[in-house]
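Observations on the three-dimensional arrangement
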Amino acid sequence: MRKSIRRPLQNLVLYVEAAYDRSFGPNWNPLRQLGSLTFFMYWVVIVTGIYVYIFFETSAAGAYQSVEYLTYQQWYVGGVMRSLHRYASDAMVVMVVMHLSREFIFDRYRDVRWFTWFLGVPLLWFLFFSGISGYWLVWDQLAQYIAIASMEWIDWLGIFGEPIANNFLTRGSLSDRFFSLLIFMHIFSPLIMLFIMWFHVMRVSRPKINPPRGLAACTLLMLVVLSLVKPALSHAPADLGTVPAVLKLDWFFMLLYPVYENWGGGVLWGLAAGLTLLFAAMPWLPPMRLPKPAVVNLEECNGCARCYDDCPFNAVIMQPRTDGRPFEREAVVNEKLCTACGICVGSCPISTPFRSIDELTTAIDLVDFPLKEVRVLTNKAVEELKNEPADGRPRIIVFGCDHGADIRLIEQPGVAGFSLPCIAMLPPSFIDYALSFSRGGIDGVLVASCRQCDCFNRLGDRWLHDRLDGTRDPYLRKRVPRQRVHVSWVSKTDGPMLEEELECFRASLETLADEEGKINSVLPGAAPGGVG
């Protein structure tokens, strides 16, 4: 049931993101930077809030006038800062909701990610309170309305002796101390948010909290232009002796107030409590069957720490040696944090199929899908291709990703392969192995990764790129002819793109074969193939 609902939503998001990729590129695609853009909006709000606070007067009589001074007399700086403060806050709500929705749609909130999701729940409440308390400080008719409605909503609980909403019903009932308390709460709430946001990302390796500079600059420029074209304005000053008639709500923060007006405080409390509990419990609804975590083979581990450096969820830790071997450290897997993505297997320097032992072992491996199985499947695919009738077409082995395009869509004569839990589980040596092992048959290797900047396991696409580019160990050796290796960045909706890239790769291999044939005809003693 969950898959039948989630899969159409995934496809919709992937199609939209593909369109943005074509316009902005993967790195600048804002839909792939929702978390980092949320952090960026937070800092814009903080900086502009500090400027506004410098000129804000914390008194019942002066609060409204000080904001009006910024808006009109100092419109060129103060007015822009006020508008930026408001629009960046609204944008932060949008980013949070989109980020939350995207993580849910792609099922990235369960297993070891439950902690990050769970901490997002109080963040929503602090974000809501920060925005509402900011509108109170303006002390216009909108602030008057949300103050009275908020107090009436709290009074429904009956926890106070006297209704606190009564403090907002007569002129002169509010003192300057109220605004001092309010400004304290408005400042204190974002500080608590920052503390929770830090915990929100602390359990992942290399958290991305800053968007690309170009994207950040363009986003800020867009907000500045919006602030100049449509500046944030106040309603008429608050008057506790009258009832506001016409109000322009900020729907990003005030969506609950019409619910209160129409359904009452009881229903709103029920919705708030129910949705809070539902969101907090979602990582366990229903319980997820977790794969077996990676295991360390100390007989092979030399404590190089590559698995520690590459793990996207800090599931691998390094500790002093315990087996007496002459190495300083050993790798240890924290089973509670391991997602069994296999990235650590691909990073191990001895994860190579060229080892002469029959039972291929490595220092760190998956229980459910060990490296020896990867070699078995590679050998099987190579043998299938070599045993096919020779028809002159290039023969290609495909290494796919379980979270990318389904490589079964390109099954055809001359093509064979299999998928891995994460494409970064594939050691680059397997590409060398497939080409070297197949001198009489295999012409090329197609690596079908998920889209760039959208790895289900966070860092798999990045590590794959760096390993093939030779900037990260273990890297693809220089002897491997790059023209025989092609990487396709494709999602589950990019089957046609994968087919197209396969045909283009096949055509390039045919051209390469023709060129090598011409060389061999001139140099009869030259060896065939393309491996140095």
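The preceding data block contains the structure.
Parameters at a glance
Residues numbered from 1 in each chain as written. Predicted model: local features only at pLDDT ≥ 70, side-chain atom pairs only at ≥ 80, totals over all residues. Heavy atoms only, no water. Helix = DSSP H or I, 4+ residues; strand = E, 2+ residues; numbered from the N terminus. Buried < 20%, exposed > 50% of the residue type's maximum accessible area, 1.4 Å probe, protein only. Contact = heavy atoms within 4.5 Å. Areas by Shrake-Rupley, 256 points an atom, 1.4 Å probe, with all protein chains shown as cover. Lys, Arg positive; Asp, Glu negative; His and termini not counted. Charge placed at Lys NZ, Arg CZ, Asp CG, Glu CD. 1 Å grid on protein atoms, 1.4 Å probe; cavity = no way out; pocket = protein on both sides within 12 Å on 5 of 7 lines; lining within 4 Å. Points joined across faces, edges and corners; volume = space filled by probe spheres on them. Nonpolar A, V, L, I, M, F, W, Y, C, P; charged D, E, K, R; others polar. Polar contact = N/O pair within 3.5 Å; in protein donor to acceptor, adjacent residues only side chain to side chain. Pairing = 2+ DSSP bridges. Axes fitted to C-alpha atoms, helices over the stretch in contact; angles between N-to-C directions. Salt bridge = Lys/Arg side-chain N within 4 Å of Asp/Glu carboxyl O. Phe/Tyr/Trp six-rings, centres within 6.5 Å; stacked < 30°, edge-to-face > 60°. Lys NZ or Arg CZ within 6 Å of the ring centre and 35° of its normal. Expected span 1.5 Å × (residues − 1). Arc of directions from axis to C-beta. Patch = residues over 30% accessible without salt bridge, like charges linked within 9 Å, V, L, I, M, F, W, Y side chains within 5 Å.

Scanning the protein from N- to C-terminus turns up 16 helices and eight strands. Projected onto its principal axes, the C-alpha coordinates of the protein cover approximately 100 × 55 × 45 Å. Taking all 532 residues of the protein together, the buried fraction comes to 49%. The long-range share in the protein, meaning contacts at least 24 apart out of those at least 6 apart in sequence, stands at 73%. Put simply, the protein shows about 26,500 Å² of open surface, and 63% of that area lies on carbon and sulfur atoms. Once the 49 positive and 52 negative side-chain charges of the protein are each reduced to a mean point, those two points are 2 Å apart.

Before going further, it helps to spend a moment on unusual backbone geometry. Looking along the chain, the bond that leaves L285 and enters P286 is cis, with omega of -15°. With respect to the helices and strands, the residue P286 is situated in the loop between α10 (265–281) and β1 (295–296). Of note, the amide linkage connecting D473 to P474 takes the cis form, showing an omega dihedral of -10°. Its location among the elements puts P474 in the loop between α15 (460–469) and β8 (485–489). One non-glycine residue, D111, lies in the positive phi region at around 45°. Residue placement: D111 occurs in the loop between α4 (75–105) and α5 (114–138). The exposure class assigned to D111 is buried, which follows from its relative accessible area of 17%. Even without being a glycine, W139 presents a positive backbone phi close to 55°.

A word on empty space enclosed by the protein. Tallied over the entire structure, the rule returns two cavities of 30 Å³ or more. Of the voids in this model, the largest cavity is the one considered here, and its volume is about 90 Å³. Lining the largest cavity are 15 residues, with C311, A315, C338, C341 and C344 positioned closest to its centre. A breakdown of the residues in the lining of the largest cavity according to their chemical character gives 13 nonpolar, two polar and no charged. Approximately 30 Å³ is the volume attributed to the second largest cavity.

Checked against the element boundaries, R321 lands in the loop between β2 (316–320) and β3 (329–333). Note on R321: relative accessible area 14%, which makes it buried. Within polar-contact distance, the side chain of R321 engages the backbone oxygen of L298 at 3.0 Å. Engagement of the side chain of R321 in a polar contact is seen with the backbone oxygen of C301, the distance being 2.7 Å. Residues in contact with R321, not counting those within four places in the same chain, are L298, C301, N302, G303, F327, E328, R329 and E330.

Time to look at the layout of surface pockets. There is about 1,400 Å³ of room inside the largest pocket. Lining the largest pocket are 50 residues, with G35, H99, E103, K208 and R458 positioned closest to its centre. Broken down by secondary-structure element, the contributors of at least two residues to the lining of the largest pocket are α2 (34–55), α4, α5, α7 (176–201) and α15. Ranked by residues supplied to the lining of the largest pocket, first place goes to α5 with seven residues. In the lining of the largest pocket, the residues fall into 26 nonpolar, eleven polar and 13 charged. Its volume calculated, the second largest pocket comes out at about 1,200 Å³. Residue lining of the second largest pocket: 42 residues in total, with R82, H85, R86, G134 and V138 positioned closest to the centre. Elements that contribute at least two residues to the lining of the second largest pocket include exactly α2, α3 (63–73), α4, α5 and α7. Residues belonging to the lining of the second largest pocket are distributed by class as follows: 26 nonpolar, nine polar and seven charged.

The strand order β6-β5-β7-β8 describes an open sheet built from four strands, whose pairing is parallel. Only two strands of the sheet have a single partner each, and these edge strands are β6 (415–420) and β8. Across the sheet, the mean angle from the axis of one strand to that of its neighbour is 20°, orientation sign disregarded. In terms of strand pairing, strand β5 (residues 396–401) meets β6 through six bridges, oriented parallel. Each residue of the ladder has a partner; that of F399, found in β6, is F418. Along the sheet face, helix α13 (residues 371–387) touches β5 and β6 and points at about 165° away from the line of β6.

Under the defined criterion, the tally for this structure stands at 20 salt bridges. Several salt bridges converge on common partners, so that one network encompasses E17, D21, R32, R102, R108 and D454.

Here the focus is the packing of aromatic side chains. Tallied over the full model, the rule gives 27 aromatic pairs. Ring geometry for F118 versus W284: centroids 6.5 Å apart, planes at 70°, classification edge-to-face. Placement of F118 in helix α5 and of W284 in the loop between α10 and β1 is noted, with a sequence separation of 166 residues between them. For F118, a relative accessible area of 36% gives the class partly exposed. Taken together, the ring pairs connect W136, W139, F168, F178 and F179 into an aromatic cluster. In this arrangement the basic side chain of R6 is found over the ring face of F104, its NZ or CZ atom lying 4.8 Å from the centre. Stacked on the ring of F456, the Lys or Arg R113 has its end atom at 4.7 Å from the ring centre.

To continue, consider α10. Compared with an ideal rise of 1.5 Å per residue, which puts 17 residues at 24 Å, α10 spans 24 Å between its outermost C-alpha atoms and is within 8% of the ideal. G265, L268, A272 and A280 are the residues of α10 that are buried. One side of α10 carries all its buried residues, which in axial view fall inside an arc of 90°. Looking at the buried residues of α10, the elements they touch are α5, α6 (141–155) and α9 (256–263).

A surface patch of nonpolar side chains, about 690 Å² in accessible area, is lined by W75, Y76, L221, V225, L228 and V229. For the nonpolar patch, the secondary structure elements donating two or more residues are α4 and α8 (213–229). Along the chain, Y76 falls in helix α4.

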